[in-house]
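So you can see what is in the structure, the chains are spelled out below.
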Amino acid sequence: MKKIRDPAQIHMWMEKGNIRDCFSTPDLDFQLYRYEKGEQITSPDKRLEELLFVVKGTIRVYGLRNNGTISPVNQQNAPILLGDIEFAEQGPTPFFAEAVTDVICIALAIQPYEKLLHTDIRFLHVLLHAYAEKLQLFAFVEAPAETIADRVLLYLKNFCPTHELNGIEAAVLQLRCSRRQLQRVLQKLCAEGEIEKIGRGRYRLATHAEHRSGISIEQNGSQRN
């Protein structure tokens, strides 16, 4: 990790990430960090002392099973907030976060501002939104969709901005399938008119599928064979 001290760069990335809009508390001292591809950002054995607003890049979140194998959790592109759980729970994260690409973060030390942040309504709303996204993710992981096709439709409906899948790798992690399986299912759903291909590695939920009652976390599309 490299700390960037140039005030102009800090200001530029603060503006790009709309970081000031996340707080009503004035005069907070932000830092700028750069992580290289493959570098570990968080881990269970190291307490995260800062809130990290990922403003550029892609991260992979994963856990380790007792036998040492990796348990994938998620892969996300910026914007992402890391440290929200640690702020609330005052403990270490249960997961590892790794830079899939070069990553740039705006960092805010928790300890100096902890009491102020607990009364900052705008920041607390940001935390609620971050928690809601994580709850949706775990609800999706546990959803009893019976086929990969069901999970693809569920993923597009509930977890993709504008119901678009943009990149195969992140979807493979969340859908718990191989790249080959996913590509085969995407081709099948395109042929059935459930989704449409809009570019290389990019797919969009078809309008009629978007409004089908069977595609939701509560009603998980199990009627598909």
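What counts as what
Residues numbered from 1 in each chain as written. Predicted model: local features only at pLDDT ≥ 70, side-chain atom pairs only at ≥ 80, totals over all residues. Heavy atoms only, no water. Helix = DSSP H or I, 4+ residues; strand = E, 2+ residues; numbered from the N terminus. Buried < 20%, exposed > 50% of the residue type's maximum accessible area, 1.4 Å probe, protein only. Contact = heavy atoms within 4.5 Å. Areas by Shrake-Rupley, 256 points an atom, 1.4 Å probe, with all protein chains shown as cover. Phe/Tyr/Trp six-rings, centres within 6.5 Å; stacked < 30°, edge-to-face > 60°. Core = buried A, V, L, I, M, F, W, Y, C linked by side-chain atoms within 4.5 Å. Pairing = 2+ DSSP bridges. Axes fitted to C-alpha atoms, helices over the stretch in contact; angles between N-to-C directions. Salt bridge = Lys/Arg side-chain N within 4 Å of Asp/Glu carboxyl O.

Honestly, the overall build of the chain in this entry has me stumped. Any pointers?
Helix and strand counts for the chain come out as 8 helices and 12 strands. Residue burial in the chain is summarised as follows: out of 225 residues, 44% are buried. Here the analysis covers contacts within the chain between residues at least 6 apart in sequence; of these, 69% occur between residues at least 24 apart. Surface accessibility of the chain: about 12600 Å² in total, with carbon and sulfur atoms responsible for 50%.

Teacher, can you tell me more about the packing of aromatic side chains here?
Aromatic ring pairs are defined here through the distance separating the ring centres and the angle between the ring planes. All told, the structure shown has 5 aromatic pairs when counted by the stated rule. Measuring from ring centre to ring centre gives 5.8 Å for Phe 23 and Phe 53, while their planes differ by 70 degrees; the resulting arrangement is edge-to-face. Within this pair, whereas Phe 23 is found in the loop between α1 (7-16) and β2 (30-35), its partner Phe 53 is found in strand β4 (residues 50-56), the two being separated by 30 residues in sequence. Across this residue pair, the class does not change: Phe 23 and Phe 53 are buried. Ring centres of Phe 23 and Phe 123 lie 5.3 Å apart, and the angle between their planes is 10 degrees; on these two criteria the pair is classed as stacked. In this pair, Phe 23 is assigned in the loop between α1 and β2 and Phe 123 in helix α4 (residues 121-142), connecting sequence segments 100 residues apart.

Sorry if this is basic, but what is going on with the nonpolar core here?
Generally speaking, nonpolar side chains in soluble globular proteins are found buried as a group. Within the largest apolar cluster, 24 residues are counted, with the highest numbers of intra-cluster contacts made by Phe 23, Leu 51 and Ile 106. Leaving out residues up to four positions away in the same chain, Leu 51 has contacts with Leu 81, Leu 82, Gly 83, Asp 84, Phe 87, Ile 106, Ala 107, Leu 108, Ile 110, Leu 117 and Phe 123. Cys 160, Val 185, Ile 195 and Tyr 203 belong to the second largest nonpolar core, which has 21 residues in total.

Please explain the environment of Ala 109 as it appears in this structure.
As for its position among the elements, Ala 109 is in strand β9 (residues 103-109). A residue is classified by how much of its surface remains accessible, and Ala 109, at 29% relative accessible area, is partly exposed. Distance from Ala 109 to Asp 29, taken between C-alpha atoms, is 8.1 Å for residues 80 residues apart in sequence. Look past the residues within four positions of Ala 109 in its chain and what remains in contact with it is Glu 49 and Glu 50.

Honestly, the pairing of strand β11 (residues 195-199) in this entry has me stumped. Any pointers?
Consecutive side chains along a regular strand alternate between the two faces of the sheet. As paired elements, β11 and strand β12 (residues 202-205) share 4 bridges and run antiparallel to each other. Its bridge partner lying in β12, Glu 196 is registered against Arg 204. With antiparallel pairing between neighbouring strands as the criterion, β11 and β12 make up a hairpin whose turn holds 2 residues, including Gly 201 at a positive phi of roughly 70 degrees.

What is the right way to read the pairing of strand β8 (residues 96-99) from this model?
Pairing of strand β3 (residues 40-42) with β8, which is carried by 2 bridges, proceeds in the antiparallel orientation. Note that in β8 the partner of Gln 40 across the bridge is Glu 98. Inspection of the sheet shows strand β5 (residues 58-64) paired to β8 by 4 bridges, in the antiparallel sense. Bridge pairing in β8 links Tyr 62 to Phe 96.

Help me understand the sheet that holds strand β1 (residues 2-4) in this model?
As a general point, the strands of a sheet are linked pairwise by backbone hydrogen bonds and lie either parallel or antiparallel. What the 5 strands build is an open sheet, ordered β1-β2-β9-β4-β7; its pairing is antiparallel. A strand with exactly one partner marks an edge of an open sheet, and here the two such strands are β1 and β7 (80-82). Averaged over neighbouring strand pairs, the angle between their axes works out to 30 degrees when direction is ignored. Where β2 and β9 come together, 6 bridges link them in antiparallel fashion. Within β9, the residue paired with Tyr 35 across the bridge is Val 103. Strands in contact with α1 are β1, β2, β4 and β9; relative to β2, the strand with the most contacts, it is inclined by about 90 degrees.

Please clarify how the pattern of salt bridges should be interpreted in this entry.
Side-chain pairs of opposite charge can arise whenever the charged atoms involved come near each other. Within this structure, the stated rule accounts for 6 salt bridges. Two residues, Glu 49 and Arg 47, come together in a salt bridge whose shortest N-O distance is 3.5 Å. For Arg 202, the salt bridge goes to Glu 164, with nearest N and O atoms at 3.3 Å. Of this pair, Arg 202 sits in strand β12 while Glu 164 is found in strand β10 (residues 164-166), placing the two residues 38 residues apart along the sequence. Looking at Arg 202, the relative accessible area reads 30%, which means it is partly exposed. Several salt bridges converge on common partners, so that one network encompasses Glu 164, Glu 196, Arg 202 and Arg 204.

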